[in-house]
Protein chains: 2
Amino acid sequence: MKEITLEQAGKWLREHDNYVILMHKSPDGDAVGCAYGLSIALRSIGKKAEPVCGDPVPEMYSYITDGFEHQCFEAECIISVDLATVDLLSGEAREYGKRVDLCIDHHASNTGFAAMGYVEGKAPSCAEIVKKLIEEIQIKITPDIADALFTGLCTDTGCFKYSSVTPETHRIAADLMEYGANSTKICRIMFDSKSRARLDMEKMVLDTLEYHEDGQIALVQITNDIMERSGAVAGDTEGVASIPRQIEGVKIGVTMKEKENGEYRFSVRTSDDIDASVICKRFGGGGHRAASGCSIYADRESAKQKMLAVCKEVLKGE
Amino acid sequence: MKEITLEQAGKWLREHDNYVILMHKSPDGDAVGCAYGLSIALRSIGKKAEPVCGDPVPEMYSYITDGFEHQCFEAECIISVDLATVDLLSGEAREYGKRVDLCIDHHASNTGFAAMGYVEGKAPSCAEIVKKLIEEIQIKITPDIADALFTGLCTDTGCFKYSSVTPETHRIAADLMEYGANSTKICRIMFDSKSRARLDMEKMVLDTLEYHEDGQIALVQITNDIMERSGAVAGDTEGVASIPRQIEGVKIGVTMKEKENGEYRFSVRTSDDIDASVICKRFGGGGHRAASGCSIYADRESAKQKMLAVCKEVLKGE
């Protein structure tokens, strides 16, 4: 992948047209915010642009997606945002993943799958980068774009809590508020509202809590049974993964989500001295130092034991 | 109370000495952050200054209070920070409350109990004001002061989530990070860590959840029995009050905490269209539009019914 500057990325975007903007599967606030924010921005200067994701965008982001009109055109240029590897593409996005022209990302672990890339491995959210890119192209940031980018900014920083947050993050938040981002509404939807089903699910998930290695590892399970009994839907599980690591003394917090066809999806959250991505890479996954994910295909107990074995190894520095 | 400017407040602080700085009872992050931050600042220019609170400062703020040496001196000037009314003083602070010289506050409901006052009723935290005041006096903000003020800033904004947050709030956060505030550590302690006891308590509290008025009112109880069974301590209840209002459809979230001598302490959190302080004023309490508190002295069931009756009235706009 040819590493380019923000200026070069901006110039390239100005010179081309008919953009497909790829989001990873199970899109989160940063993926949705960047893809829609950049699409709206590019459309505002007369380009055609369409966000593409193999999975449906969760309902909670409807304030971004509502009113966004889909465009039909022959894809000429493929952009990816917030995408560390093409393995995280699903459905129709997967085909486009074979010919990504421009990758805009904030994962240090980015595999370099695109022809050109601008990757800031230390940026807390991809939205920070997209904001600078849009300003670089001298596109006016409208309230719609600001809402989308603020969503990425606040979700990928746990509402400005994570260690990745810099003074610049707060200043970008201030700018986006001045550009018209409805930060109160966004924060309320993202962090301050729970459906009754979510609340019930959380209680049931906490009932599965188990500690290992003298309380240094905590593991919870989101089983299909819990999802059914609580009536929770996919978007309801957002943020659950951060719960086990919050417990005092826990260095590795593991959340194990039952999926289809014998897949268990693991979210691993760690304290400063432990690298979650090291754990997840052992199972073909990856992510950030403090937050990573991977899948294990096995029966429940084996999947759990495999994960715990690696967590224990990493905990002991082996 | 004579309303003065920040400049006048700064001048007065430069010209006097031997400050007692009052905090309200059950001090929160903003009270502790402002009182300690201002004390450290004043000491750095050779003044004597001592934070005073009727209640002990919770252990969670030990990164602010540890290493802070207490000074003995004859109090000459009394300052209050983050204090809306002297009714919120307890213990030794109560006596000082009769002769407050300077009140620095962000409660629109401030009762004007001091000789001079600088009140910004719209500031999301008192720490924002104290930061500007310290800069006004041209005192260098050290990492210690920055930690204290960042604590006030993030706790009183629910980590930058509340509707009171402005672009200036984020820019002040950025400044404080540059002054050396360890924002990651502070956010982790304030928002991202729970003792096992706290987690157990939260589960038990959720078991008391009841809905009224078609789910528009949600009420939870923190009973002494729950505190005992979970092993939770006073500081563990921080933030519990925000839980009921987070539930979808809830406009008034009420948390009822059993205290000594037949007192029930209520925390009321409301959505935008309902004024929590109106509800709490009916019982002699007060606070902000979205978050207020009051005490009711009665048996448990009567206290609850009295609160619910007023909530229903206010909900119906009576």
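These figures come from a predicted structure and were not determined experimentally.

## Notes on the overall build of chain A
Of regular secondary structure, chain A possesses 13 helices and twelve strands. Taking 20 Å as the expected radius of gyration for a compact globule of 318 residues, we find that chain A reaches 19 Å, a close match to that expectation. In terms of overall dimensions, chain A has C-alpha extents of about 55 × 40 × 40 Å along its principal axes. When the 318 residues of chain A are sorted by exposure, 58% land in the buried category.

## Some remarks on helix H6 (residues 143–155) of chain B
Residues and elements named next belong to chain B. When the terminal C-alpha atoms of H6 are compared, their 18 Å separation across 13 residues agrees well with the 18 Å that a helix rising 1.5 Å per residue should span. For H6, a buried count of eleven out of 13 residues is recorded, marking the element as mostly surrounded by other parts of the structure. Those residues of H6 that sit buried are Ile145, Ala146, Asp147, Ala148, Leu149, Phe150, Thr151, Gly152, Leu153, Cys154 and Thr155. The elements touched by buried residues of H6 are helix H2 (29–44), helix H3 (62–65), helix H5 (126–136), helix H7 (167–178) and helix H8 (183–191).

## Quick word on the side chain of Asp28 of chain A
Turning to its location among the elements, Asp28 of chain A is positioned in the loop between strand S2 (19–22) and helix H2 (29–44). Buried charge Asp28 of chain A goes without a salt bridge, the closest partner of opposite sign being Arg269 of chain A at 8.2 Å.

## Describing the environment of Gly112 of chain B
As for its placement among the helices and strands, Gly112 of chain B is situated in the loop between strand S5 (102–105) and strand S6 (116–119). When the C-alpha positions of Gly112 of chain B and Gln71 of chain B are compared, they lie 28 Å apart, and in sequence the two are 41 residues distant.

## So, the side chain of Lys194 of chain A
Residue position: Lys194 of chain A is located in the loop between helix H8 (183–191) and helix H9 (196–207). Ignoring any residue separated from it by four or fewer positions in sequence, one finds Lys194 of chain A in contact with Leu199 and Glu202 of chain A together with Gln246, Ile247 and Glu248 of chain B.

## Section: the relation of the copies chain A and chain B
Put simply, the second copy of the chain is the first one after a rotation about an axis and a shift along it. Overlaying chain A on chain B yields an RMSD of 0.0 Å, the required transformation being a rotation through 180° with an accompanying axial translation of 0.0 Å. Here the symmetry operator amounts to a two-fold rotation axis.

## Here we look at the packing of aromatic side chains
According to the stated counting rule, one finds seven aromatic pairs over all chains in the structure shown. Sitting over the face of the ring of Tyr211 of chain B, Arg196 of chain A holds its NZ or CZ atom 3.4 Å from the ring centroid.

## Quick notes on the interface of chain A and chain B
At the interface, 37 residues of chain A touch 37 residues of chain B. Summing both partners gives a buried area of about 3700 Å² for chain A against chain B, and 56% of it is carried by carbon and sulfur. Viewed at the interface, chain B and chain A are joined by six salt bridges. Salt-bridge contacts for Arg171 of chain A lead to Asp175 of chain B; the nearest nitrogen and oxygen are separated by 2.9 Å. Linking chain A to chain B there are 13 residue pairs in polar contact (both at pLDDT 80 or more). Looking at the side of chain A that touches chain B, the elements that each hand over two or more residues are helix H7 (167–178), H8, H9 and helix H11 (243–246) of chain A. Tallied by class, the residues present in the side of chain A that touches chain B amount to 15 nonpolar, nine polar and 13 charged.

## Description of the domain arrangement of chain A
Residue and element names in this part refer to chain A. The domain boundaries assigned to chain A delineate domain 1 (2–191) and domain 2 (196–315). A straight line from the C-alpha centre of domain 1 to that of domain 2 covers 27 Å. On the side of domain 2, four residues touch domain 1, which itself brings six residues to the contact. Of the roughly 550 Å² buried between domain 1 and domain 2, counting both surfaces, carbon and sulfur atoms make up 49%. The largest contributions to the domain 1 side of the interface with domain 2 come from Met60, His107 and Ser109, which together make up 43% of the buried area. Counting the contacts that link domain 1 with domain 2 gives zero salt bridges.

## Here's the deal with the pattern of salt bridges
All names here are of chain B. Applying the stated criterion across every chain, the model contains 39 salt bridges over all chains. One salt bridge in this structure joins Lys11 and Glu15, with 3.0 Å as the shortest N-O distance. Highlighted residues: Lys11 and Glu15, both in helix H1 (residues 6–15), separated by four residues, approximately one helical turn. For the salt bridge of Asp275 with Arg289, the shortest nitrogen-to-oxygen distance reads 3.6 Å. Here the residue Asp275 occupies a position in the loop between strand S10 (263–270) and helix H12 (276–281), and Arg289 occupies one in the loop between strand S11 (286–287) and strand S12 (291–297), the gap between them amounting to 14 residues. Arg289 sits in the partly exposed class, given a relative accessible area of 44%.

## Some words on the sheet that holds strand S9 (residues 252–258) of chain A
Here six strands make up an open sheet; going across it, the order is S7-S8-S9-S10-S12-S11 (chain A) and the pairing mixed. Either end of the sheet is taken by a strand with one partner, and the two such strands are strand S7 (210–212) and strand S11 (286–287) of chain A.

## Overview of the packing of helix H5 (residues 126–136) of chain A against helix H6 (residues 143–155) of chain A
When two helices pack together, their arrangement is given by the angle between their axes and by how far apart the axes lie. Residue and element names in this part refer to chain A. In the contact formed by H5 and H6, the axes pass within 8 Å of each other and the chain directions differ by 150°. Of the possible angle classes, the one that applies to H5 and H6 is roughly antiparallel. Side by side, H5 and H6 meet where Ala127, Glu128, Val130, Lys131 and Ile134 of the first sit next to Ile145, Leu149, Gly152 and Leu153 of the second. Tallied by class, the residues present in the contact of H5 with H6 amount to six nonpolar, one polar and two charged.

## Thoughts on unusual backbone geometry
Residues and elements named next belong to chain A. Even without glycine at this site, Ser26 takes up a positive phi of about 45°. Considering the arrangement of structural elements, one finds Ser26 in the loop between S2 and H2. Residue Ser26 is classed as partly exposed on the basis of its relative accessible area, which comes to 47%.

## Describing the sheet that holds S2 of chain A
Within a sheet, adjacent strands bond to each other through the backbone by hydrogen bonds, running parallel or antiparallel. Residues and elements named next belong to chain A. As summarised here, the arrangement of the six strands in space is S1-S6-S5-S4-S2-S3, forming an open sheet in which the pairing is parallel. Here the strands that pair on one side only, and so sit at the sheet edges, are strand S1 (2–3) and strand S3 (49–52). When S2 meets S3, the two strands line up parallel, connected through four bridges. From the neighbouring strand, Val20 faces S3, where its bridge partner is Glu50. Lying on the sheet, H2 is in contact with S2, S3 and strand S4 (77–81); it crosses S3 at an angle near 170°.

## Comments concerning the environment of Arg282 of chain B
Residue and element names in this part refer to chain B. Structurally, Arg282 is set in the loop between H12 and S11. Residue classification places Arg282 among the partly exposed residues on the basis of a relative accessible area of 46%. Apart from the residues within four sequence positions on either side, Arg282 is in contact with Val310 and Glu313. Engagement of the side chain of Arg282 in a polar contact is seen with the side chain of Glu313, the distance being 3.0 Å.

## A word on H5 of chain B
Every α-helical turn comprises 3.6 residues, leaving residues that sit three or four positions apart pointing alike. All names here are of chain B. With eight of eleven residues buried, H5 lies mostly within the body of the structure. Looking at H5, one finds that the buried residues are Cys126, Ala127, Glu128, Ile129, Val130, Lys131, Leu133 and Ile134. Just past H5, the residue Gln138 takes up positive phi, approximately 60°.

Rules and cut-offs
- Residues numbered from 1 in each chain as written.
- Chains lettered and ligands numbered in written order.
- Predicted model: local features only at pLDDT ≥ 70, side-chain atom pairs only at ≥ 80, totals over all residues.
- Heavy atoms only, no water.
- Helix = DSSP H or I, 4+ residues; strand = E, 2+ residues; numbered from the N terminus.
- Rg over C-alpha atoms; globule rule 2.2 N^0.38 Å.
- Buried < 20%, exposed > 50% of the residue type's maximum accessible area, 1.4 Å probe, protein only.
- Expected span 1.5 Å × (residues − 1).
- Contact = heavy atoms within 4.5 Å.
- Lys, Arg positive; Asp, Glu negative; His and termini not counted.
- Salt bridge = Lys/Arg side-chain N within 4 Å of Asp/Glu carboxyl O.
- Least-squares fit on C-alpha atoms with pLDDT ≥ 70 in both.
- Phe/Tyr/Trp six-rings, centres within 6.5 Å; stacked < 30°, edge-to-face > 60°.
- Lys NZ or Arg CZ within 6 Å of the ring centre and 35° of its normal.
- Buried area = accessible area lost by both parts, 1.4 Å probe.
- Polar contact = N/O pair within 3.5 Å; in protein donor to acceptor, adjacent residues only side chain to side chain.
- Nonpolar A, V, L, I, M, F, W, Y, C, P; charged D, E, K, R; others polar.
- Domains from an automatic or database assignment.
- Pairing = 2+ DSSP bridges.
- Axes fitted to C-alpha atoms, helices over the stretch in contact; angles between N-to-C directions.
- Parallel < 35°, antiparallel > 145°, perpendicular 65-115°, else oblique.

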